[in-house]
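Listed below are the residues making up each chain.
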Amino acid sequence: MMPGMLQVGLTGNIASGKSRAASVFAELGAHVIDADVIAHELMQPGSQTCEKVVAAFGEGILNPDGTINRRSLGTIVFNDTPKRLLLNSLVHPDVRDEVLRRIFQLQEGSPNGIVIVDAALMVESGFYRMHDVLIVVTCDAGLQSARLMNRSDLTLEEARSRMEAQMPVEEKVKLADYVIDTSGTFRETRVQIEEIYKELLRRERESRNPVED
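Residues numbered from 1 in each chain as written. Predicted model: local features only at pLDDT ≥ 70, side-chain atom pairs only at ≥ 80, totals over all residues. Heavy atoms only, no water.

## Here we look at the overall build of the chain
Test applied: Helix and strand assignments follow DSSP, with helices taken as H or I runs no shorter than four residues and strands as E runs no shorter than two, numbered in order from the N terminus. Atoms counted for the radius of gyration: C-alpha only. Globule rule: 2.2 Å times residue count to the power 0.38. Think of it in three bands: with a 1.4 Å probe and only protein chains considered, a residue is buried below 20% of the maximum accessible area for its type, exposed above 50%, and partly exposed in between. His is not counted here, nor are the chain ends, while Lys and Arg score as positive and Asp and Glu score as negative. To locate a charge, take NZ of a lysine, CZ of an arginine, CG of an aspartate or CD of a glutamate.
Within the chain, the regular secondary structure consists of ten helices and five strands. Rg of the C-alpha trace for the chain: 18 Å, near the compact-globule value of 17 Å for 213 residues, within the 12% margin. In terms of principal-axis extent, the alpha carbons of the chain reach across some 60 × 40 × 25 Å. The 213 residues of the chain split such that 40% are buried. Of the charged side chains in the chain, 24 are positive and 32 negative; the average position of the first set lies 2 Å away from that of the second.

This is how it looks when you write it as structure tokens:
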């Protein structure tokens, strides 16, 4: 990593409210890079990433227009650990390369500030080690499953299967510099984010102007 911007990893398990937190950080002035959006872009028809995934999982995961049916692929990988690990091994390196390219691009334009990388599997992949700070978003498990069912039109069983397929959030919290709990109201969540952002700004200023002994 290049010196300059404070580089922050933002993660949390599925339907924890991570994307909402990222949007607030962006509103407050942080540069936000969404790894899931990048993954979507990289898996468009004709891309090398898409071709690797289709070669591994078959054309049965494709929609009629040639795009990958994420629900079909999700049903496969969330119920089969080896296949989920295979998918991650095919996609994550490409996503990581693009994330790093965008960070370098930002720093070339403005070497100061805060860049937040929003990535669901940041801890599992080890990518969190490449950042200065790790923030983990959590929420009540019941609320998490309800959000997931509502957002993705899943049954309770499907929602629980996806939740259980991920690393327990308690393990991620052990590595976190900051934790955001989204179980309460949006206002309560926003207050937490605003306080953390003040701390990030302080850390970024100190990195530019270290105190000499």
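Still more to cover.
## Describing unusual backbone geometry
The phi torsion at Ala15 lies on the positive side, around 60 degrees, for a residue other than glycine. Tracing the sequence through the fold places Ala15 in the loop between β1 (6-12) and α1 (18-28).

## What to know about the packing of aromatic side chains
Describing an aromatic ring pair means giving the distance of the ring centres and the angle of the ring planes. Note the cut-off: Under the pairing criterion, centres of Phe, Tyr and Trp rings, with the six-membered ring standing for Trp, must be within 6.5 Å; the plane angle then separates stacked pairs below 30 degrees from edge-to-face pairs above 60, leaving the rest tilted.
Under the criterion given, the structure shown has one aromatic pair. With a centroid separation of 6.3 Å and 50 degrees between ring planes, the pair formed by Phe25 and Tyr197 is classed as tilted. Of this pair, Phe25 sits in helix α1 while Tyr197 is found in helix α10 (residues 186-208), placing the two residues 172 residues apart along the sequence. Here Phe25 and Tyr197 have matching classes, each one buried.

## Concerning α10
Three- or four-residue spacings in an α-helix give side chains the same orientation, since the helix completes a turn every 3.6 residues. Cut-off, in case you're wondering: Helix span, expected: 1.5 Å multiplied by one less than the number of residues in the helix. Contact definition: two residues touch when any of their heavy atoms are within 4.5 Å.
Helix length check: α10 (23 residues) gives 33 Å between terminal C-alpha atoms against 33 Å at 1.5 Å per residue, within 8%. When we look at burial in α10, the residues that qualify are Thr189, Arg190, Ile193, Ile196, Tyr197, Leu200 and Glu204. Looking at the buried positions of α10, the neighbouring elements they touch are β1, α1, β3 (114-118), β4 (133-138) and β5 (178-181).

## Brief notes about the environment of Asp132
Among the secondary structure elements, Asp132 is positioned in the loop between α6 (122-125) and β4. Classification of Asp132 by relative accessible area gives partly exposed; the value is 44%. Remark: the alpha-carbon pair of Asp132 and Gly9, spanning 123 residues in sequence, is separated by 7.8 Å. If we skip the residues at most four places from it in the chain, Asp132 touches Met5, Leu6, Gln7, Asp177 and Arg203.

## So, the packing of α1 against α10
When two helices pack together, their arrangement is captured by the angle between the axes and the distance separating the axes. Rules: Every axis in this analysis is a line fitted to C-alpha atoms, fitted for helices over the stretch in contact. Angles between the N-to-C directions lie between 0 and 180 degrees. Under this scheme an angle from 65 to 115 degrees is roughly perpendicular, one under 35 degrees roughly parallel, and one over 145 degrees roughly antiparallel; angles in between are oblique. Each helix crossing is assigned a hand: it is left-handed if the near helix lies turned anticlockwise from the far helix by less than a right angle, otherwise right-handed if that turn is clockwise. Each residue receives one of three labels: charged for Asp, Glu, Lys and Arg, nonpolar for Ala, Val, Leu, Ile, Met, Phe, Trp, Tyr, Cys and Pro, and polar for the others, Gly being one of them.
Two numbers describe how α1 lies on α10: the axes approach to 10 Å, and their chain directions differ by 50 degrees. Between α1 and α10, the crossing angle belongs to the class labelled oblique. Crossing handedness for the pair α1 and α10: right-handed. Contact residues: Arg20, Ala21, Val24, Phe25, Glu27 and Leu28 in α1; Phe186, Arg190, Ile193, Glu194, Ile196, Tyr197 and Leu200 in α10. For the contact of α1 with α10, the per-class residue count stands at nine nonpolar, no polar and four charged.

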